Amino acid sequence: MQDRIREREREREREMSGGIVEVKEHKDGEENMAAWLVGIKTLKIEPYHLPPLGPHDVKVQIKALGICGSDVHHFKNMRCANFIVKKPMVIGHECAGIIEEVGSQVKTLAVGDRVALEPGISCRRCNLCKDGRYNLCPEMKFFGSPPTNGSLANKVVHPEYLCFKLPDNVSLEEGAMCEPLSVGVHACRRANISPETNVLIVGAGPIGLIVLLAARAFGAPRIVIVDVDDCRLSIAKNLGADETIQVSTNIQDVCEEVVKLQSAMGSGIDVSFDCVGLNKTMSTALNATRSGGKVCLIGLAQSETTVPLTPATVREVDVIGIFRYRNTWPLCIELLKTGKIDVKPLITHRFGFSQKGVEDAFETSASGRSAIKVMFNL
Amino acid sequence: MGKGGMSHGSAGEAKDGEEENMAAWLLGINTLKIQPFKLPPLGPHDVKIRVKAVGICGSDVHYLKTLRCADFIVKEPMVIGHECAGIIEEVGSEVKKLVPGDRVALEPGISCWRCNLCKEGRYNLCPEMKFFATPPVHGSLANQVVHPADLCFKLPGSVSLEEGAMCEPLSVGVHACRRANIGPETNVLVMGAGPIGLVTMLAARAFGAPRIVIVDVDDHRLSVAKELGADDIVKVSTNIQDVAEEVSQIHKAMEPGIDVTFDCAGFNKTMSTALSATRAGGKVCLVGMGHSEMTVPLTPAAAREVDVVGIFRYKNTWPLCLEFISSGKIDVKPLITHRFGFSQKEVEEAFETSAGGGNAIKVMFNL
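Now for a quick tour of the structure. (Residues numbered from 1 in each chain as written. Chains lettered and ligands numbered in written order. Predicted model: local features only at pLDDT ≥ 70, side-chain atom pairs only at ≥ 80, totals over all residues. Heavy atoms only, no water.)

1. A short note on unusual backbone geometry
Note on backbone geometry: most residues besides glycine have negative phi, and most peptide bonds are trans.
Item 1. Of note, the bond from proline 146 of chain A into proline 147 of chain A is cis; its omega dihedral lies within 30 degrees of zero at 5°.
Item 2. If you trace the backbone, proline 147 of chain A turns up in the loop between β10 (141-142) and β11 (155-159).
Item 3. Of note, the amide linkage connecting proline 135 of chain B to proline 136 of chain B takes the cis form, showing an omega dihedral of 10°.
Item 4. Assignment of secondary structure puts proline 136 of chain B in the loop between β11 (130-131) and β12 (144-148).
Item 5. In the Ramachandran plot, methionine 78 of chain A falls in the positive-phi region, its phi being about 60° despite a non-glycine side chain. (Helix = DSSP H or I, 4+ residues; strand = E, 2+ residues; numbered from the N terminus.)

Given below as C-alpha cells:
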C-alpha cells in the first residue's frame, strides 16, 4: 500500500516536472515552488521538481521576472501561434537571479553571482546553430514555450553559457529586462540601425518602447513613434521619441496617416519597425518607408496579413522578420551598465510571488494601457 | 524635349534623301501604328543609334492592352518598346568611348544622377527616372533613337544584336540574384517558368546556385525550363488550397532546404507558396508583379526570419550580362522563340503572339 502511494506520488512529480527527471526525495525545508499554467486563465503555485544539475549547469535562485505578452497569450489561450500547452507548464521567461549551486565543470560563475538568463537552449548541432542563427533552431527549448517549463519559480536549473553576470550597478530587475531589450537589439541589428537611419516605430507598447530605446542607442538620429493610445504616446515622448503621432485603427486612414508620418520625419523614413503586426500597421509601414528602405516586422498579431506588398517591392522596400534574438545579452548588459539605455521607467507594476500576486500580476499585464512591464520580485 | 516626339506636318521635315525615322506608336487600347518619330537633337554626351533588335516585354503588352501598368498611365501617344540593341550612327561632341559602327546594347532608363538614391548607386529607384516606354517617355521600337552614350554598352564580337537586346530582361534576373545573394551555397526555387522565371534561372545558375527547382502551371514552359537546365520541375495548380501539398512536393524535389525563392509571378498563391517553402533564415525575392494587394501568410514567415526582398528593374547589370553571354556562361538564344520584321502587320502580329503566352517566350523584332 505504502509502495503504491509512493509510486503515485512519484508519478505526480514526474508529471509536474514534465516527466523528464528522476524522482528525488524533497529536502527538508523549502520545496521549490513555481507558477504552473494548468488551464485557460488558471495559474497555480505548486511544487516544481528540478532536474539534476549537470556538470555545465548552474542552479539559479530567481529574484526578478517580467511578464511578456506571449506569457499572457499562453495564459488566455493555452497556446501562442503554433505552440500549444498540452499539459501543465511553468510560465515565465524574462528573468534574473542569484547563483545557488554550480555544476562540476562550471568555470566562469560562482555561488552568489548575480546573473541574467537567456531563456532558450538550442541544439548547437544543426546548420542554423552552426551558422550562428541559433534563434531559429528547430530543437529550441525555450522557457515557457510548451512543452518546456518556464522560470516563474523559486529556482531553476540552466546552462552556464546562458547565464550572464550582472555588473554591480545593474539591478536584478534590469537583468530581467535584458530579455525584452534583446528583441529590440536584435531588430536594430537586422535592420542595420545607425547614425544615418531615420526610424519610424509603429506601436508604443513594451516592444515598441524597447525598440525606441535600442534604436537611439544604435545612433538613430530621428525617431517618430505612433500608437492609437495617447497614454502610451506620452510615455514614449518621455523616453525620448522625437515625435509622437496618434493614429486610428481604421485602415481607410492609412494614406492620410502616411503623409503625416512622412512630414513628421522631415526626411525619408529609412527603417520602420512594425511592433504590432496588423494589416493596418504593416500597410502603414510599407507605404511610409522610403524607396530602398526596410520594414522590420516584430509584432506577431495576425497570421495572415493583407498588405500592399507589390508597391513596396516595386520600391525595393525589404521586409525583415524578427524572431526572438541571438547573442544579445552582453550588449544589453553593456548598454545598461553604461547608462546608454535606461529600462527602469518601463517597469510600471510590481508583484510578489504568491497565488494572489501571480493572479493580480497577470490581470494587470493583460489589461495593457498604463501597464508596460509588470515585474515579479521573488 | 528629352526623347523626341511625333512628327507633325509633312514628311518634308526629313532632310532630302534621308529616310524619315519611323516608330511603333501606342495610340489607344490594342492600337499600335507605325508613324514618324522625330528625334530630339543630339546632345554632346548622346549617341544616335540605328535600332536593330527589340524584344517585347510583358509590360509592353500590358500597356497595349490597358494603356497603363501599375501607376504609370499612357495619357498621350507613346512609342512602345525598351529591350533593344543597335548600331551607332552618330556620336555627340563629347563622346569618347563609342564611334559610328559600334554595336551596342541599350540600358533603357535615364536617372537624374543628382538625388540621394542615384548618388548612393540605387539609381533604379530614382523618382525622376526617364525610362523607354514608361509614360510619358517614348520607347525604342523605332528605326533610330537618341540615348546617352554611357547607357550604351559595346557588344563583344561574339555577341549578336538579338543577344544584346536580351540583356534587358536578363538584367532583371541578374539584379534579383545579386539582391538575394545567390552563390554556390544557395539552393534556389523559382516560381513561374515564364520569360522572367527563365532568365532568373539562367542567372542563378551563372551565379553558382547548386540546385534549382522551378515550378509552373504550364507543362510546356516546364519542359523548356528543364531543357535550359533546371534540376527539377514541379507542376503546380492555380488553386490556393493546394499550397500545403505543393510545398511538400517542392521540399522533396529540393532535399536540403530552399535558401532563396524567386517569385516570378507575384500572386497570392505563388507568394504564399514561396513564404512557406523557404527555410528559416532564407529569402523570398518578389520579382513578378501580378497583384498590387496581396493576402499572404507574412507573419509566420517573419517569425522564421524569412525576409522579403523586392526587385525593381536593375542597376549596373549590363557589363555583367555581356560577360555572361560572351563567355557562354549564359545562353539566352533559346528564349527567342518568335521573330518579326518592322511593319504594321508584323508589329500587330508580334504583340498578339507575345500576349498569347503559351510557347511564346521572347518575341523579337529584327529591324
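2. A few points about the interface of chain A and chain B
Item 1. With 33 residues of chain A at the contact, the number on the chain B side is 34 residues.
Item 2. When chain A packs against chain B, close to 2,800 Å² is buried across both sides, 52% of that on carbon and sulfur atoms.
Item 3. Of all residues in chain A, the largest losses of buried area upon contact with chain B belong to Leu309, Thr310 and Glu316 of chain A, amounting jointly to 21% of the total for that side.
Item 4. At the boundary of chain A and chain B, one finds 7 salt bridges.
Item 5. For arginine 179 of chain B, the salt bridge goes to glutamate 316 of chain A, with nearest N and O atoms at 3.8 Å.
Item 6. For the side of chain A that touches chain B, the secondary-structure elements that each account for two or more residues are α4 (172-190), β17 (289-297), β18 (305-307), α9 (309-314) and β19 (318-321) of chain A.
Item 7. Of all the elements, α9 of chain A adds the most residues to the side of chain A that touches chain B, at 5 residues.
Item 8. Sheet topology places β18 of chain A next to strand β19 (residues 294-296) of chain B; 3 bridges connect them, and they run antiparallel. Residue pairing in the sheet places threonine 306 of chain A in a bridge with threonine 295 of chain B of β19 of chain B. (Contact = heavy atoms within 4.5 Å. Buried area = accessible area lost by both parts, 1.4 Å probe. Salt bridge = Lys/Arg side-chain N within 4 Å of Asp/Glu carboxyl O. Pairing = 2+ DSSP bridges.)

3. Section: the side chain of threonine 278 of chain B
Residue and element names in this part refer to chain B.
Item 1. As for its position among the elements, threonine 278 is in strand β18 (residues 278-286).
Item 2. At 2.7 Å, the side chain of threonine 278 forms a polar contact with the side chain of threonine 261.
Item 3. Among the polar contacts listed, one links the side chain of threonine 278 to the backbone oxygen of alanine 274, at a separation of 2.7 Å.
Item 4. When neighbours within four sequence positions are excluded, threonine 278 is seen to be in contact with Ile258, Asp259, Thr261, Lys283, Val284, Arg304 and Val306. (Polar contact = N/O pair within 3.5 Å; in protein donor to acceptor, adjacent residues only side chain to side chain.)

4. Description of the pattern of salt bridges
Side chains that differ in charge, positive against negative, can pair when their charged atoms come close.
Item 1. Under the definition given, this model contains 33 salt bridges over all chains.
Item 2. A salt bridge links glutamate 246 of chain B to lysine 269 of chain B; its shortest N-O distance comes to 2.5 Å. Here glutamate 246 of chain B, found in helix α6 (residues 243-253), pairs with lysine 269 of chain B, found in helix α7 (residues 268-277); they are 23 residues apart in sequence, far enough to count as distant.
Item 3. On the basis of relative accessibility, which here comes to 9%, the residue lysine 269 of chain B falls in the buried class.
Item 4. A single salt-bridge network, built from bridges that share partners, covers Arg133, Arg190 and Arg326 of chain A together with Glu305 and Asp307 of chain B. (Buried < 20%, exposed > 50% of the residue type's maximum accessible area, 1.4 Å probe, protein only.)

The quantities given are spatial measurements derived from coordinates; they are silent on function.
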